[in-house]
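Chain residues, written in single-letter form:
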Amino acid sequence: MSRIRDALAGFGVTFKTMFKKPLTEQYPEEPGPVAARYHGRHQLNRYADGLEKCIGCELCAWACPADAIYVEGADNTEQQRFSPGERYGQVYQINYLRCIGCGLCIEACPTRALTMTNDYEMADDNRSDLIYGKDKLLAPLTAEMTPPPHGMAAGSTDEDYYRGNITADGLTRHPETTP
Ligand code: SF4
Ligand code: SF4
């Protein structure tokens, strides 16, 4: 008797499923939405004038539990300036064969240079193409930005950049951020 009951219960599940709307994802033609805070591909951000936010400090690399980040910092000069302050990230690489998407690197970054996007389409068939350098990680330049190297905004200090006082038009000191 219990076997008949079990069979009827099983067929009941099948019967109910027959009238449900199919949930087929049309990937890759129609990539589905991801959660707003999904940890996808990283991005190295820029200030409003185009200078890079990364200062080459390597804190992200030290924070990474998978040893997936490699950074080589270098000195800015007045002729060759890529970021405000003394240093910039000359070499920056993330190995996506190692990355586990934990986000500890972005928590460690002192300038918010490193964030994560929602882009998850990073599959490939060889190792070297999965090691992303600055060419793939740097945020694209917008129309208002000037490609580095170039000087800091007129009359500004590196602290103005860190405090958010720089717009595409130059230095704008906000009363609440001015010491
Ligand atoms: S998300 Fe995690 S594993 Fe990936 S690079 Fe950052 S710290 Fe390393
Ligand atoms: S991304 Fe951030 S933590 Fe990593 S080297 Fe650049 S400034 Fe430092």
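Residues numbered from 1 in each chain as written. Chains lettered and ligands numbered in written order. Predicted model: local features only at pLDDT ≥ 70, side-chain atom pairs only at ≥ 80, totals over all residues.

1. A word on the UniProt feature "binding site: [4Fe-4S] cluster 2" (unreviewed entry) in the protein
So, step 1. As recorded in UniProt, the feature "binding site: [4Fe-4S] cluster 2" (unreviewed entry) lies at C64, C99, C102 and C105. Of the residues just listed, which span 42 residues, no C-alpha pair is farther apart than 10.4 Å, and they cluster in one region.
So, step 2. Mapped onto the elements, C99 comes out in the loop between β3 (87-95) and α3 (104-108).
So, step 3. Beyond its immediate stretch of four places on either side in the chain, C99 contacts A66, A68 and I94.
So, step 4. Residue placement: C102 occurs in the loop between β3 and α3.
So, step 5. Exposure remark for C102: the 14 C-beta atoms within 10 Å place this residue in the partly exposed category. (UniProt positions renumbered as here; feature names shortened; annotations may be inferred. Helix = DSSP H or I, 4+ residues; strand = E, 2+ residues; numbered from the N terminus. Contact = placed C-beta atoms within 7 Å. Buried ≥ 20, exposed ≤ 12 C-beta atoms within 10 Å, placed from the backbone.)

2. Let's talk about the site of ligand 1
So, step 1. Around ligand 1, 13 residues are found, and the nearest of them are C64, A66, C99, C102 and C105.
So, step 2. Per-class residue counts for the shell around ligand 1 are 11 nonpolar, two polar and no charged. (Near = placed C-beta within 6 Å. Nonpolar A, V, L, I, M, F, W, Y, C, P; charged D, E, K, R; others polar.)

3. Looking at the site of ligand 2
So, step 1. Neighbouring ligand 2 are 14 residues; C54, C57, C60, C109 and L114 lie closest to it.
So, step 2. Per-class residue counts for the shell around ligand 2 are 10 nonpolar, three polar and one charged.

4. Focus: unusual backbone geometry
So, step 1. Cis geometry is adopted by the peptide bond preceding P28, which originates at Y27 and carries an omega value of 10 degrees.
So, step 2. Mapping P28 onto the fold places it in the loop between α1 (2-18) and β1 (42-44).
So, step 3. Here E58, not a glycine, exhibits a phi torsion of approximately 75 degrees, which is positive.
So, step 4. Position of E58 among the secondary structure elements: in the loop between β1 and α2 (59-63).
So, step 5. For E58, a count of 16 C-beta atoms within 10 Å translates into the label partly exposed.
So, step 6. Backbone geometry at R112 places phi at a positive 60 degrees, although glycine is not the residue there.
So, step 7. Here R112 lies in the loop between α3 and β4 (114-116).

5. Description of the environment of L104
So, step 1. Among the structural elements, L104 can be located in helix α3.
So, step 2. Overall, the presence of 13 C-beta atoms within 10 Å leaves L104 in the partly exposed class.
So, step 3. Along the chain, L104 and A63 lie 41 residues apart, while their C-alpha atoms are 6.2 Å from each other.
So, step 4. Residues in contact with L104, not counting those within four places in the same chain, are A63, C64 and P65.

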